[in-house]
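# Topology and contacts: notes
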Amino acid sequence: MKITKDTIATVELKVANKLGQVIEQTDEPMALLIGGYGNTLPAIEAALEGQEKGFATTIELTPETGFGERDESLMITIPKKDFPPGVKVGGQLQLRAANEGDDPNSDEGYQVFTVAKIKGDTVHLDGNHPLAGQHLKITVKVKDVRAASQEEIAHGHAHGDHGHHH
């Protein structure tokens, strides 16, 4: 079976920086719903399109095709007294952007920030993706391909083996 829109590609991924140092890799294969559902980067979907089980490739990503350029306006500080206890450098938290007219009960308007440093009474937070601004090499190996179920398509992600469970 070929990887096309509305198929589940079960893949192993390895992410390395431009020097070849491994930054991240999957411990077990992960299932991706293919077809523009936001389950993976568009460049990875494009490389997988039309391929079959056993396919392997390495994709070179620039910041533009990967996780974007760094945006220094996403670096913020908050007083340590307003910070949840026990969070350390490298930890993450979600902060709500206070936009007028937002529904306070909605998940929209939240952004993930990583604790960059804690200096005195100030916590420095970074809202950039941890891989923003980097040139990356992504190695992908396709372990399996199958048709997505109607439920997976409706939910916009894979269920079952190495996918999301409800």
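Residues numbered from 1 in each chain as written. Predicted model: local features only at pLDDT ≥ 70, side-chain atom pairs only at ≥ 80, totals over all residues. Heavy atoms only, no water.

Once that is clear, we can look at the overall build of the protein. What the protein contains, in helices and strands, is two helices and nine strands. Put simply, the protein runs from its N terminus to its C terminus through helices and strands in the order β-β-β-α-β-β-β-β-β-β-α. The burial tally for the protein puts 29% of its 166 residues in the buried class. Long-range pairs, those at least 24 residues apart, make up 66% of the contacts in the protein with a sequence separation of at least 6. (Helix = DSSP H or I, 4+ residues; strand = E, 2+ residues; numbered from the N terminus. Buried < 20%, exposed > 50% of the residue type's maximum accessible area, 1.4 Å probe, protein only. Contact = heavy atoms within 4.5 Å.)

Membership of the largest hydrophobic core comes to 18 residues, with the highest contact counts inside it found for I3, V11, I44, L48, I138 and V140. Listed by contribution, the elements that provide at least two residues to this core are β1 (7-17), α1 (42-48), β4 (56-61) and β9 (136-147). With five residues, β9 is the single largest residue contributor to this core. Counting residues in each nonpolar core, the second largest holds seven residues, with F83, F113, V115 and V123 among its members. (Core = buried A, V, L, I, M, F, W, Y, C linked by side-chain atoms within 4.5 Å.)

In spatial order, the strands read β5-β8-β7-β6; together these four strands make up an open sheet with antiparallel pairing. With one partner strand each, in any of the chains shown, β5 (75-79) and β6 (92-96) form the two edges of the open sheet. The sheet shows a mean angle of 45° between the axes of neighbouring strands, direction not considered. (Pairing = 2+ DSSP bridges. Axes fitted to C-alpha atoms, helices over the stretch in contact; angles between N-to-C directions.)

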